[in-house]
Amino acid sequence: MAKTQDEMKLEVAQAAIEYVVPGTIIGIGTGSTANFFIDELAKIKGKIEGTVASSVASAERLKSHGIQVFDLNHVSEISVYVDGADESNKYLHLVKGGGGALTREKIVAAVADKFVCIADESKLVPYLGKFPLPIEVIPMARSYVAREIVKLGGEPVLREGFTTDNGNVILDVHSMEIMEPTKLEQQLNNIVGVVTNGLFAMRPADVLLLGTQDGVKSMN
């Protein structure tokens, strides 16, 4: 019988536990796959020093399991960061931010020694961009940023009724085939008013654990 998406997410979450370094602080992502990982981490919570969460929602889920959550400013090292993705190419460049936590996710990933991405096989794509690329924007710059994105060939759409944990808005960019993720990540971040964008190419994943019908496949 074919596995459901949730069953594959659970399997990659369980596989990611092997990357947890005992006695250290673990970075935790946001979203449905990350939630499976949080629930698995709860089973070994006594082995870790604590966590840093990339969103308020993840922090609350961790605390509900009795797992300590630290402010990133009080932490100098994170051994591993575990998070999902909306898309990944074979180089482990990612599109993230479907849940709107891209900026904090990118900050935690930057601090972590290792970034382990967990996803089901549908997220592995030949090129990035089919999933709309999220961009976090300072509210007063929304129209300006949107005009600049159009110049780059994208179609920006405001995510209605959504505010990030940082108090900003998100533009979801449609209709882009992203052939040079690192270059585009830098171009977008150079637009005044952009906080960051959902391309994780300058800091890609170190390991991609993919849930498939045949079990978990590892790419690095």
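Located above this text is the structure these notes cover.
For clarity, every value in this text was computed on a predicted model and none was experimentally measured.

Visitor: How should the pattern of salt bridges be read in this particular structure?
Guide: Note on pairing: side chains with opposite charge can pair once their charged atoms come close. Tallied over the full model, the rule gives 11 salt bridges. Two residues, K123 and D120, come together in a salt bridge whose shortest N-O distance is 3.0 Å. Given a relative accessible area of 18%, K123 falls into the buried group. The residue E148 makes a salt bridge to K151 at a minimum N-O spacing of 2.9 Å. Here K151 and E148 lie together in helix α5 (residues 142–151), a separation of 3 residues that amounts to about one turn.

Visitor: Hey, could you run me through the environment of L133 in this one?
Guide: Summarising the element assignment, L133 is placed in strand β7 (residues 133–137). Residue L133 is classed as buried on the basis of its relative accessible area of 1%. Residues L133 and H174, 41 residues apart in the sequence, show an inter-C-alpha distance of 6.8 Å. Excluding residues within four positions of it along the chain, L133 makes contact with V95, L171, D172, V173, I178, L184, L188, G198 and L199.

Visitor: I tried to follow the pairing of β7 on my own but got confused; where do I start?
Guide: Residues in a regular strand project their side chains so that they alternate between the two faces of the sheet. Counting buried positions along β7 yields 5 of 5 residues, so the element is predominantly enclosed. Examined bridge by bridge, β7 and strand β9 (residues 169–174) share 5 bridges and lie antiparallel to one another. Bridging across to β9, P134 finds its partner in D172. The sheet contact formed by β7 and strand β10 (residues 194–197) spans 3 bridges and is antiparallel.

Visitor: Can you walk me through unusual backbone geometry in this structure?
Guide: Leave glycine aside and you will find that most residues have negative phi; peptide bonds, for their part, are mostly trans. Despite not being glycine, L92 shows a phi value in the positive range, around 65°. Residue placement: L92 occurs in the loop between β4 (87–88) and β5 (94–95). If you check the backbone angles, S175 has positive phi at about 65° while not being a glycine.

Visitor: What am I meant to see in α5 here?
Guide: Count 3.6 residues to each turn of an α-helix, and residues three or four apart come out pointing the same way. Those residues of α5 that sit buried are V145, A146, E148 and I149. Considered in projection along α5, the buried side chains sweep an arc of 165° and stay on one side of the axis. Among the exposed residues of α5, those oriented more than 90 degrees off its buried face are R147, V150 and K151. Turning to α5, the residues buried within the fold contact β7, β8 (155–158), β9, α6 (181–189) and β10. Directly after α5, the chain includes G153, whose backbone phi takes a positive value near 100°.

Cut-off values and rules
- By convention here, each chain's residues receive numbers from 1 onward along its written sequence.
- Under the rules for a predicted model, residues below a pLDDT of 70 receive no local features and side-chain atom pairs below 80 are neither given nor counted, while totals for whole chains, interfaces and linings still include all residues.
- Hydrogens and waters are ignored; side-chain quantities use all the structure's heavy atoms.
- Whenever a carboxyl oxygen of Asp or Glu lies within 4 Å of a side-chain nitrogen of Lys or Arg, that contact is scored as a salt bridge.
- Burial here depends on accessible area, computed with a 1.4 Å probe over protein chains only, as a share of the maximum for the residue type. Under 20% is buried, over 50% is exposed, and the range in between is partly exposed.
- Here a strand is any run of E in DSSP of at least two residues, a helix any run of H or I of at least four, and the numbering for each starts at the N terminus.
- Two residues qualify as a contact provided that any one of their heavy atoms is within 4.5 Å of a heavy atom in the partner residue.
- Whether two strands pair comes down to DSSP finding at least two bridges between them.
- Arc definition: it is the arc formed by the directions from the helix axis to the C-beta atoms.

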